Amino acid sequence: MNYYILSYTTGENYLEERVKYRQEHLNHATEYFNEGYLTLGGAIDSANEAILVFKAGSDKIVKAFAENDPYVKNGLIKAWTVKKWNVVIGN
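Thresholds applied
Residues numbered from 1 in each chain as written. Predicted model: local features only at pLDDT ≥ 70, side-chain atom pairs only at ≥ 80, totals over all residues. Heavy atoms only, no water. Axes fitted to C-alpha atoms, helices over the stretch in contact; angles between N-to-C directions. Helix = DSSP H or I, 4+ residues; strand = E, 2+ residues; numbered from the N terminus. Parallel < 35°, antiparallel > 145°, perpendicular 65-115°, else oblique. Left-handed = near helix turned anticlockwise from the far one by under 90°. Contact = heavy atoms within 4.5 Å. Core = buried A, V, L, I, M, F, W, Y, C linked by side-chain atoms within 4.5 Å. Buried < 20%, exposed > 50% of the residue type's maximum accessible area, 1.4 Å probe, protein only. Arc of directions from axis to C-beta. Polar contact = N/O pair within 3.5 Å; in protein donor to acceptor, adjacent residues only side chain to side chain. Pairing = 2+ DSSP bridges.

(A) Structural detail: the packing of helix 1 (residues 14–34) against helix 2 (residues 59–68). For the pair helix 1 and helix 2, the least separation of the axes is 10 Å and the interaxial angle reads 165°. Considered as vectors, helix 1 and helix 2 are oriented roughly antiparallel to each other. Of the two possible hands of crossing, helix 1 and helix 2 adopt the one that is right-handed. Where helix 1 abuts helix 2, its residues His28, Ala29 and Tyr32 lie against Ile61, Ala64, Phe65 and Asn68.

(B) Just the nonpolar core, in detail. Within the largest apolar cluster, 19 residues are counted, with the highest numbers of intra-cluster contacts made by Leu6, Tyr8, Leu52, Phe54 and Phe65. Looking at this core, the elements that each hand over two or more residues are strand 1 (2–10), helix 1, strand 3 (49–56), helix 2 and helix 3 (70–73). Considering each element in turn, this core owes the most residues, 4 residues, to helix 1. Excluding residues within four positions of it along the chain, Phe54 makes contact with Asn2, Tyr3, Tyr4, Leu6, Tyr32, Tyr37, Leu38, Thr39, Val62 and Phe65.

(C) Looking closely at helix 2. Here helix 2 has its buried residues at Val62, Phe65 and Ala66. Down the axis of helix 2, the sector holding all buried residues measures 95°, keeping them to one side. Where helix 2 is buried, its residues contact strand 1, helix 1, strand 3, helix 3 and strand 4 (77–85). You can read the cap of helix 2 off the contacts: a side-chain oxygen lies 3.2 Å from the backbone nitrogen of Lys60, and it is on Ser58.

(D) A look at the pairing of strand 3. Looking at chain direction, strand 1 and strand 3 are connected through 8 bridges and run antiparallel. Counted as the bridge partner of Asn2 is Ala56 from strand 3. The sheet contact formed by strand 2 (residues 38–44) and strand 3 spans 6 bridges and is antiparallel. Note on strand 3: the bridge partner recorded for Leu38 is Phe54. Counting the residues that bridge the hairpin from strand 2 to strand 3 gives 4 residues, and of these Asp45 lies at a positive phi of roughly 40°.

Next comes the structure, spelled out in structure tokens:
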């Protein structure tokens with residue numbers, strides 16, 4: 001299993017618009033958490049960015065998460081990237 005970091009860059013009206021999709025987004029994230037893929041997630045500082053950490057066999061799981069995330073599908077996220085994280089300390 002590998003670790004992956006999904007980085008989101010939020011759009012200008014993210015804080016105002018997320019209310020409409022928040023529960024659906026959290027339900028989506030909870031599914032991946034319960035399946036053991038999503039380990040951590042949350043906004044950075046002023047919510048201009050968000051980071052989600054996954055543990056999976058490939059980046060396909062992470063990309064599927066992003067592509068099906070209500071925040072992404074409804075334009076609240078203006079850019080996202082997936083990077084493999086080579087963890088040295090911890091598990």
